[in-house]
Amino acid sequence: MKLVDHTKYLLEICEKVDRDIASPTCKKLREHLAKCPDCAAYYDSLKKTIFLYRNYDVKLKGSHVEEILTKLELEGPLEIKLPSLQSLRKKHPR
Amino acid sequence: MDDDTALIASSKAGDKRAFGKLVKKYEQMVYSFAFKICRDPEKAEEVLQETFINAYRGIKSFSGKSKFSTWLYRIVTNNCLMMHRKKSHEPVVSLDETELLKETGELQVAHWGETPHDAILNKELKEVLDKAIENLPLDYRIVFVMRDVEGLSTQEVGNALNLSVPAVKSRLHRARLFLRNELDPYFRK
Ligand SMILES: [Zn+2]
């Protein structure tokens, strides 16, 4: 297997990981994974990466409802326009 | 009308109790998402409060075209970006696809050991995960968390961030490769 083909599969793995690899269109990819230990290891590590972050959740310790309502009471009715992400980016380019 | 629609309509009319019910329903989701972006529990609580205050102030501009949750994601994202800018600048990292795949393509890919399957990750592992994602630029982090962790569709992520579907896919792609590479030294057998 040429390196370039290998990379092509790696990119496809990344595209399909954890979602539609079982679909008929991924037949070639599945066949490749079955015979290429490198790509199979890569696929496995990407799946694990996503799994770990999905599993890392946090619980809120207590409700903030009262605090938020109190703040809103103090401020009274107000209306501001939320800036769009794009306008924020323009103002603060990285 | 579903529950949200009625509560949103009442909130628009200035009914803060109705808005309180929306806060109750969505505060865990907002907190959890904010944490996954900021990686800091205190900041996430701050973002949570800011988000609902902004949401109440701007509720009249909520048209109902997107889901209320998607609209909230957008506000959380704005708040996280603003808070992020206040502090430091980001580490410079390469998110070039070829660069990210280079090592992998040339060397033998390492096999990862078993990753924990239970819901509770230990402290050390959490630190590793926090550190890896903190190295990922915020724009990419947000896309990864929305799509892969929270499970929003590519279209929903695009709507929330004003990005095209191909742009979402490309960022997601790079974010995944980057995080995988960051975690690689820790998990390779
Ligand atoms: Zn291969």
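Residues numbered from 1 in each chain as written. Chains lettered and ligands numbered in written order. Predicted model: local features only at pLDDT ≥ 70, side-chain atom pairs only at ≥ 80, totals over all residues. Heavy atoms only, no water.

1. Section: the interface of chain B and chain A
No. 1: In this complex, chain B contributes 76 residues to the contact, which on the side of chain A involves 51 residues.
No. 2: Summing the contributions of chain B and of chain A, the shared interface buries around 6,000 Å²; its carbon and sulfur component is 61%.
No. 3: Between the two partners, chain B and chain A, sit two salt bridges.
No. 4: With its nearest N and O atoms 3.5 Å apart, the salt bridge here joins Lys36 of chain B to Asp57 of chain A.
No. 5: Counting across the chain B and chain A interface gives 15 residue pairs in polar contact (both at pLDDT 80 or more).
No. 6: For the side of chain B that touches chain A, the secondary structure elements donating two or more residues are helix H2 (16–38), helix H3 (41–58), helix H4 (68–86), helix H5 (97–106), helix H6 (123–134), helix H7 (138–149), helix H8 (154–161) and helix H9 (165–187) of chain B.
No. 7: Tallying contributions element by element places H2 of chain B first for the side of chain B that touches chain A, with 11 residues.
No. 8: Of the residues in the side of chain B that touches chain A, the class split is 34 nonpolar, 18 polar and 24 charged. (Contact = heavy atoms within 4.5 Å. Buried area = accessible area lost by both parts, 1.4 Å probe. Salt bridge = Lys/Arg side-chain N within 4 Å of Asp/Glu carboxyl O. Polar contact = N/O pair within 3.5 Å; in protein donor to acceptor, adjacent residues only side chain to side chain. Helix = DSSP H or I, 4+ residues; strand = E, 2+ residues; numbered from the N terminus. Nonpolar A, V, L, I, M, F, W, Y, C, P; charged D, E, K, R; others polar.)

2. Section: the domain arrangement of chain B
Residue and element names in this part refer to chain B.
No. 1: You can read the domains of chain B as domain 1 (3–87) and domain 2 (95–187).
No. 2: Centre-to-centre, using C-alpha coordinates, domain 1 lies 25 Å away from domain 2.
No. 3: Taken residue by residue, the interface counts 13 residues in domain 1 and 17 residues in domain 2.
No. 4: Counting each side, the surface lost to burial between domain 1 and domain 2 is near 1,500 Å², with a carbon and sulfur contribution of 61%.
No. 5: If you sort the residues of domain 1 by the area they bury against domain 2, Ile37, Arg39 and Arg74 come out on top, with a joint share of 38%.
No. 6: For the pair domain 1 and domain 2, the interface holds three salt bridges.
No. 7: A salt bridge links Lys36 to Glu150; the nearest nitrogen and oxygen atoms lie 2.6 Å apart.
No. 8: Run the count over domain 1 and domain 2 and you get six residue pairs in polar contact (both at pLDDT 80 or more).
No. 9: When contributions to the side of domain 1 that touches domain 2 are tallied by element, the ones reaching two or more residues are H2 and H4.
No. 10: Take the side of domain 1 that touches domain 2: its biggest share by element is seven residues, from H4.
No. 11: In terms of residue class, the side of domain 1 that touches domain 2 is made up of five nonpolar, four polar and four charged. (Domains from an automatic or database assignment.)

3. Remarks on the packing of aromatic side chains
No. 1: Applying the stated criterion to the full structure yields 11 aromatic pairs over all chains.
No. 2: Pairing Tyr53 of chain A with Phe144 of chain B gives two aromatic rings, centres 5.6 Å apart and planes at 90 degrees, and the pair type is edge-to-face. Of this pair, Tyr53 of chain A sits in helix H3 (residues 37–55) while Phe144 of chain B sits in helix H7, which puts the two residues in different chains. Phe144 of chain B carries the same exposure label as Tyr53 of chain A, and that label is buried.
No. 3: Here the aromatic residues Tyr26, Phe62, Phe68 and Trp71 of chain B are joined through ring pairs into a cluster of three or more.
No. 4: Across the ring face of Tyr56 of chain A, the terminal group of Arg39 of chain B is positioned such that the distance to the ring centre comes to 4.8 Å.
No. 5: Across from the ring centre of Tyr140 of chain B, 5.8 Å away, lies the NZ or CZ of Arg171 of chain B, which sits over that ring. (Phe/Tyr/Trp six-rings, centres within 6.5 Å; stacked < 30°, edge-to-face > 60°. Buried < 20%, exposed > 50% of the residue type's maximum accessible area, 1.4 Å probe, protein only. Lys NZ or Arg CZ within 6 Å of the ring centre and 35° of its normal.)

4. Brief notes about the nonpolar core
No. 1: Counting 90 residues, the largest nonpolar core has Tyr53 of chain A together with Phe19, Phe52, Phe68, Phe144 and Leu183 of chain B as the members making the most contacts within it.
No. 2: Looking at this core, the element that brings in the most residues is H2 of chain B, giving 12 residues.
No. 3: Excluding residues within four positions of it along the chain, Phe52 of chain B makes contact with Ile68 of chain A together with Phe19, Leu22, Val23, Tyr26, Glu27, Val30 and Leu72 of chain B. (Core = buried A, V, L, I, M, F, W, Y, C linked by side-chain atoms within 4.5 Å.)

5. Some remarks on H7 of chain B
Given 3.6 residues per turn, any residue in an α-helix points the same way as the ones three and four places further on.
All names here are of chain B.
No. 1: Where burial is concerned, most of H7 is hidden: 12 out of the 12 residues are buried.
No. 2: Within H7, the full set of buried residues consists of Leu138, Asp139, Tyr140, Arg141, Ile142, Val143, Phe144, Val145, Met146, Arg147, Asp148 and Val149.
No. 3: Just past H7, the residue Gly151 takes up positive phi, approximately 80 degrees.

6. Quick notes on H3 of chain B
Residues and elements named next belong to chain B.
No. 1: Spanning 18 residues, H3 covers 25 Å between terminal C-alpha atoms, matching the ideal 26 Å at 1.5 Å per step.
No. 2: Every buried residue of H3 is accounted for by Ala44, Val47, Leu48, Gln49, Thr51, Phe52, Ile53, Asn54, Ala55, Tyr56, Arg57 and Gly58.
No. 3: Of the residues that open H3, the one with a side-chain oxygen 2.9 Å from the backbone nitrogen of Glu42 is Asp40. (Expected span 1.5 Å × (residues − 1).)

7. Some details on the pattern of salt bridges
Residue and element names in this part refer to chain B.
No. 1: Under the criterion given, the structure shown has 14 salt bridges over all chains.
No. 2: Among the ionic pairs, Lys123 bridges to Glu127, the shortest N-O distance being 3.3 Å. Placement of the pair is Lys123 and Glu127 together in helix H6, with a separation of four residues, close to one helical turn.
No. 3: When the shortest N-O distance is used, the salt bridge between Asp184 and Arg180 registers 3.6 Å. Taken together, the positions of Asp184 and Arg180, both in helix H9 and four residues apart, correspond to about one turn of that helix. Side by side, Asp184 and Arg180 carry an identical accessibility label, which is buried.

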